[in-house]
Amino acid sequence: MSTMGVHHVTEGRFRHRGAELVYDDAGHGPLAVYAHGGFASQANEDRMGLFVWTPVLDAGRRLVRYDARAHGRSTGEPVATDYTYASLADDLLALLGHLGAAEPVDGIGASMGCGTLLHAAVRAPDRFSRLILLIPPTAWATREAYARANRSAADTVEREGVEAWQAAKNSRPRPAVVADVPELPPTPEERVLPSVLRGLALADLPEPAAIAGLRHPALILAWADDPGHPRATADILAGCLPDAQLRVARTRAEVGTWGERIAEFLTGPSRPGR
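Remember, it's a predicted structure, so these values are computed and weren't measured experimentally. (Residues numbered from 1 in each chain as written. Predicted model: local features only at pLDDT ≥ 70, side-chain atom pairs only at ≥ 80, totals over all residues. Heavy atoms only, no water.)

## What about the overall build of the chain?
As a reminder of what qualifies: Numbered from the N terminus, helices here are DSSP runs of H or I no shorter than four residues, and strands are runs of E no shorter than two. Only protein chains enter the accessibility calculation, which uses a 1.4 Å probe. A residue is then buried if its area is under 20% of the maximum for its type, exposed if over 50%, and partly exposed in between. Two residues qualify as a contact provided that any one of their heavy atoms is within 4.5 Å of a heavy atom in the partner residue. Using the Shrake-Rupley algorithm and a 1.4 Å probe, accessible areas are obtained, with residue cover drawn only from the displayed protein chains. We score Asp and Glu as negative and Lys and Arg as positive, and we do not count His or the chain ends. Lys charges are placed at NZ, Arg charges at CZ, Asp charges at CG and Glu charges at CD.
For the chain, the helix and strand inventory stands at 11 helices and eight strands. Referenced to the eigenvectors of the C-alpha coordinate spread, the extents of the chain come out at roughly 55 × 35 × 35 Å. The 274 residues of the chain split such that 56% are buried. Pairs at least 24 apart in sequence give 79% of the contacts found in the chain among residues at least 6 apart. A total accessible area of about 11400 Å² is found for the chain, and carbon and sulfur atoms account for 54% of it. Here the chain carries 29 positive and 33 negative side-chain charges, and the mean point of each set is 3 Å from the other.

What follows is the structure, given as structure tokens:
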């Protein structure tokens, strides 16, 4: 299922730090770049039907969505440090350079992509104009439990195979808001997946003090009752960022409006003080 409507999509590729990164480029106008969540890809997200991007394109934006290192069509090696948020942020900034982005771009990131975007924005704030943070992941106080689970999952994949990890993952209760979204296999290859898991176990969001230094208008879109994407992270981000809006979805129908919310946010007037 395509989430681009009638808009033509062009595939692009570039090499960075030993990997070939693949992206989809659609629409015309000011550039927005989207980073997806862990273990997914653009094709997987389209099959899930969770995020619909047509409103962003219809609003006159060029939207580039890319497959993260070792995810989907992009390549990667079994090196855990390649998959921390900070390392993935380096890939995002390299993509902006490859695209020839002369002006600040709108950054959009979900879960792992949210961490990627925040690290990139802290490192290079002038490269971004607005930030859209979707389902912020575990961070700070809640991160260690996630990290332990990821390290255990990496051991399971190496010992029993990816199917055993996927079966255990699928057996856990899911948030009601996404209960009917199909569970798809992880897109990193089995030889790389343990390194991706361990890299994400090493990752965390930037410290709140660093995030508080960002002056970009920010839209935070979270959903309820998901330990992997806790409301606490979204609340702290909304409190840290000096120009932030927070919306929390409790139903799949509310998540279905996020494309329109993002489009309105991106095309709305800049507020004084930027």
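## Quick word on the environment of Asp46
Mapped onto the elements, Asp46 comes out in helix α1 (residues 42-48). Residue classification places Asp46 among the buried positions, given a relative accessible area of 13%. Counting along the chain gives 42 residues from Asp46 to Met4, while the straight-line C-alpha distance between them is 9.1 Å.

## Re the packing of aromatic side chains
Quick note on the threshold: Put simply, two rings from Phe, Tyr or Trp (the six-membered ring, in Trp's case) pair if the centres are within 6.5 Å, and we call them stacked under 30 degrees between planes, edge-to-face over 60, tilted for the rest. Here, over-ring charges are defined by two tests on the NZ atom of lysine or the CZ atom of arginine: distance to the ring centre within 6 Å, and angle to the ring normal within 35 degrees.
On inspection of all chains with the given rule, the structure shows five aromatic pairs. Here Phe51 and Trp258 contribute two aromatic rings whose centre-to-centre distance is 6.1 Å and whose plane-to-plane angle is 15 degrees, an arrangement assigned as stacked. Of this pair, Phe51 sits in the loop between α1 and α2 (54-58) while Trp258 sits in helix α11 (residues 258-267), and the two are 207 residues apart along the sequence. Both residues of the pair, Phe51 and Trp258, count as buried. In this arrangement the basic side chain of Arg130 is found over the ring face of Phe265, its NZ or CZ atom lying 5.8 Å from the centre.

## Considerations on the nonpolar core
Operational definition: We call a set of buried Ala, Val, Leu, Ile, Met, Phe, Trp, Tyr and Cys residues a nonpolar core when their side-chain atoms join them within 4.5 Å.
Residues Val33, Phe128 and Leu133 are the most contacted members of the largest nonpolar core, which totals 59 residues. Here this core gets eight residues from one element, more than from any other, and that element is helix α3 (residues 85-98). For Leu133, the residues in contact, after removing those within four places along its chain, are Gly109, Cys114, Leu117, Leu118, Leu219, Ile220, Leu221, Leu237 and Leu241.

## Some points on helix α7 (residues 193-202)
When you tally the buried positions in α7, you get eight out of 10 residues, the bulk of the element. Residues of α7 that are buried: Leu193, Pro194, Ser195, Val196, Leu197, Gly199, Leu200 and Ala201. In this fold, the buried residues of α7 make contact with α3, α4 (112-123), α5 (143-160) and α6 (162-171).

## What about unusual backbone geometry?
The phi angle at Arg17 is positive, at roughly 45 degrees, despite the residue not being glycine. By the secondary structure assignment, Arg17 is in the loop between β1 (9-16) and β2 (19-26). You will see that Ser111, though not glycine, has its phi angle at about 55 degrees, which is positive. Taking the relative accessible area as the measure of exposure, Ser111 reaches 13% and is therefore buried.

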